[in-house]
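# Examination of the molecular architecture
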Amino acid sequence: MTEPAVRLVGLEKRFGDLVAVHSLDLEVPRGTFFSIIGPSGCGKTTTLRMIAGLETPTAGRVEVAGRDLSRIPAYRRPVNTVFQSYALFPHLDVYENIAFGLREDRRPRNEIRERVREMVSLVRLGGRERSRPRQLSGGQQQRVALARALVKHPEVLLLDEPLGSLDLKLRRQLQEELKEVQRRVGITFVYVTHDQEEAFSMSDGVAVMNRGLLEQVGQPEVVYRRPATMFVAEFVGLSNRFAGRIVGQSGAGLYEVEFDAGSRVRAVGPDRLSDGQAVSVIVRPEELRIAGPSGPDSDSSDALRAIVSSISYLGPSRQLRLEAETFGELVAVVQGASRGAGEGDRVTVAWSPDAAWIVPDGPA
Amino acid sequence: MNFRRHLFSGIVGVLVLGFLWIPLLMTVVNALNRDELLSRWGGATFRWFGVALQNADARNGLRASLTIALATSVLSVVIAVTGALWWRKAGRRARRAFDLLVYLRIVLPEVVFAAALFIFLSRWGFPLGTLAVVIGHTVWASAYATLVIQSRVIGLDPSLEDAAADLGATPLRTFRRVTVPALVPAILAAGLLTFTFSFDDVVTSFYLAGSQVAPLPVVLLSMIRFRIGPQINAIGLLVMGITIVTMAIVLLLVSKTSQRSRARFSTPDAFQQGPLVEEEVR
């Protein structure tokens, strides 16, 4: 394959005693929409700023398109950034904001006009060229910031929580626009956000960071269904967690797990788990099957008995809180809003072995 | 009842206002008084302005004062911008030291600086005159300019400069295309403020002007010692006029830009209290 668009090698950043980013190795494939997610303070923005050259790494290096950028200042890097606060120049109008980078590159006048016009229509801001940033709505400002960064045709576009200050509806709309723009221009996007849903809906690849460490890299679905650590499992969505230990292996990646409560289940897990190892079994709420006390799963060895303690309606689906006999509280999400178990009902809960994923208990 | 309660403060208020404003009023009236001895109102005339402007000392004084004030304000603003931008990136301790040096220049009596500079310059054989006065004025004027510009720098969004660098602007270009435009209102306000401070200064000018140069306030002082005539009042009115007009422009700029800047550069309120508060300190 070709060079990755971005390669981070042992990248590290310390602020005094604080390690913001801890020896990070990461490759972002060319032409993809790649997200870095994590809670605030996990080092994702610092990582982005090091790629942009706005922060100097303490150790390690940044490569873009195979070129080491360590000795190259921000203003000569082939990357551009959409800032969280947009950072539009308040004394310049929309046109001049977008033209800023091209003027710095001393492009010919005609070319500037051509490329700015192209961008204005790409982000649908026709007619607003002479407006000042403060006269624009949040969504429009966001589009100007995007156009201003894209107009330079960077190797990589960096986006630092660009939708953070917009309301939900606008966010959704701009998420789709961003994805659409990325598809159309084919530039590699590196997108930083704390919103996993946002990241999942747009990204080809996701990296999850926590406390300066990279927890997992992969496709959204893999990260969601096969989290590598408990942190990832909990950060990317609700999950039911059962503590237990490995008691046997039955085929590649399929294990027998004994719960602390005594019962045994089969579950899928990563390679090289050893017998006796303490693990957690993760089942996503939408993977739980709920049936009456004598339902189809009642004979299954994996089935649990539980009582429905509360139900909340989420529109297209319902979220059930269940009190299981030996496992405590469970969360299930079932599709369809009308029929099914009611509060206080006795039910059986089951899942397919494929939906149960084993996460080794780490030190953290 | 109400009237009685406020009677005392009313009287004090009137007295204070009168004490402050009557001398100024007298200056204005007497600048227009036809009676040369100023012993009574002899009718209105603009004659004394002509006389004053024909006085070579006054003319040279005006020219010297304008030159000095202009040079002082330019120099002060350059120092203030440089200092404030350094201050923004400096560490905690360096910042505190910087602030201390700024406040000292404002708090310490002007006469101390003037005398110290006088001794210092003559020790090193530096000639007294226009340049010496400019240096003397800049010592404290730049401190006021720094306060004004600092308050603007605080409100400066650092991500604007990041964005400029990100889009390919070298540090120098970023300064020119982003930082300076953001500071323009503060630069103008600081410039005009230091201009007026320098223009009506007596103490420093008196010490450092030497025998060849006499700025207008110094000329005025020596004329008063000789004889108080209507042309002195005329000069006083001129000086007042120049000062008031400049200050009015400052106030206008400050109030206008601080309204606008909230939306533009997200400046906190600090800017508004800039020059207004500092003027009282002097």
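Residues numbered from 1 in each chain as written. Chains lettered and ligands numbered in written order. Predicted model: local features only at pLDDT ≥ 70, side-chain atom pairs only at ≥ 80, totals over all residues.

Every contact between the two is made by 17 residues of chain B and, on the other side, 19 residues of chain A. At the level of elements, helix H8 (158-166), helix H9 (171-199) and helix H12 (230-264) of chain B are the ones that each hand at least two residues to the side of chain B that touches chain A. At six residues, the largest contribution of residues to the side of chain B that touches chain A is made by H8 of chain B. Broken down by class, the residue content of the side of chain B that touches chain A amounts to nine nonpolar, three polar and five charged. (Contact = placed C-beta atoms within 7 Å. Helix = DSSP H or I, 4+ residues; strand = E, 2+ residues; numbered from the N terminus. Nonpolar A, V, L, I, M, F, W, Y, C, P; charged D, E, K, R; others polar.)

Residue and element names in this part refer to chain A. One open sheet accounts for five strands, arranged E15-E19-E16-E17-E18; its pairing is antiparallel. Each end of this open sheet is capped by a strand with a single partner; those strands are strand E15 (289-291) and strand E18 (328-335). Strand-to-strand twist across the sheet, computed as the mean angle between neighbouring axes with direction ignored, equals 45°. Sheet topology note: the strand E16 (residues 304-313)/strand E19 (residues 346-350) ladder contains four bridges and is antiparallel. (Pairing = 2+ DSSP bridges. Axes fitted to C-alpha atoms, helices over the stretch in contact; angles between N-to-C directions.)

A few words now on the environment of Val111 of chain B. All names here are of chain B. One can find Val111 in helix H6 (residues 110-123). Given 12 C-beta atoms within 10 Å, Val111 falls into the exposed group. Residues Val111 and Val134 lie 23 residues apart in sequence; the distance between their C-alpha atoms is 15 Å. (Buried ≥ 20, exposed ≤ 12 C-beta atoms within 10 Å, placed from the backbone.)

Residue and element names in this part refer to chain A. One open sheet accounts for six strands, arranged E6-E7-E8-E3-E9-E10; its pairing is mixed. Unpaired on one side and paired on the other, strand E6 (79-82) and strand E10 (213-218) mark the two borders of the sheet. The mean inter-strand angle of the sheet, taken between neighbouring strand axes irrespective of direction, is 20°. Pairing of E6 with strand E7 (residues 156-160), which is carried by four bridges, proceeds in the parallel orientation. Across the sheet, residue Val82 finds its bridge partner in E7, namely Leu159. Most of the contacts of helix H4 (residues 138-150) go to E6, to which it runs at about 175°, and overall it touches E6 and E7.

This brings us to the domain arrangement of chain A. Residue and element names in this part refer to chain A. Assigned domains of chain A: these are domain 1 (6-231) and domain 2 (238-360). One C-alpha centre belongs to domain 1, the other to domain 2; they are set 39 Å apart. In this complex, domain 1 contributes five residues to the contact, which on the side of domain 2 involves four residues. Classifying every residue of the side of domain 1 that touches domain 2 gives two nonpolar, one polar and two charged. (Domains from an automatic or database assignment.)

In this section: the nonpolar core. Formed by 165 residues in total, the largest nonpolar core has its most connected members in Ile98, Val190, Val281 and Val349 of chain A together with Ile149 and Ala190 of chain B. Of all the elements, helix H7 (residues 130-154) of chain B adds the most residues to this core, at 13 residues. Shared between two domains, this core holds at least three residues of each, these being domain 1 (6-231) and domain 2 (238-360) of chain A. (Core = buried A, V, L, I, M, F, W, Y, C linked by C-beta atoms within 7 Å.)

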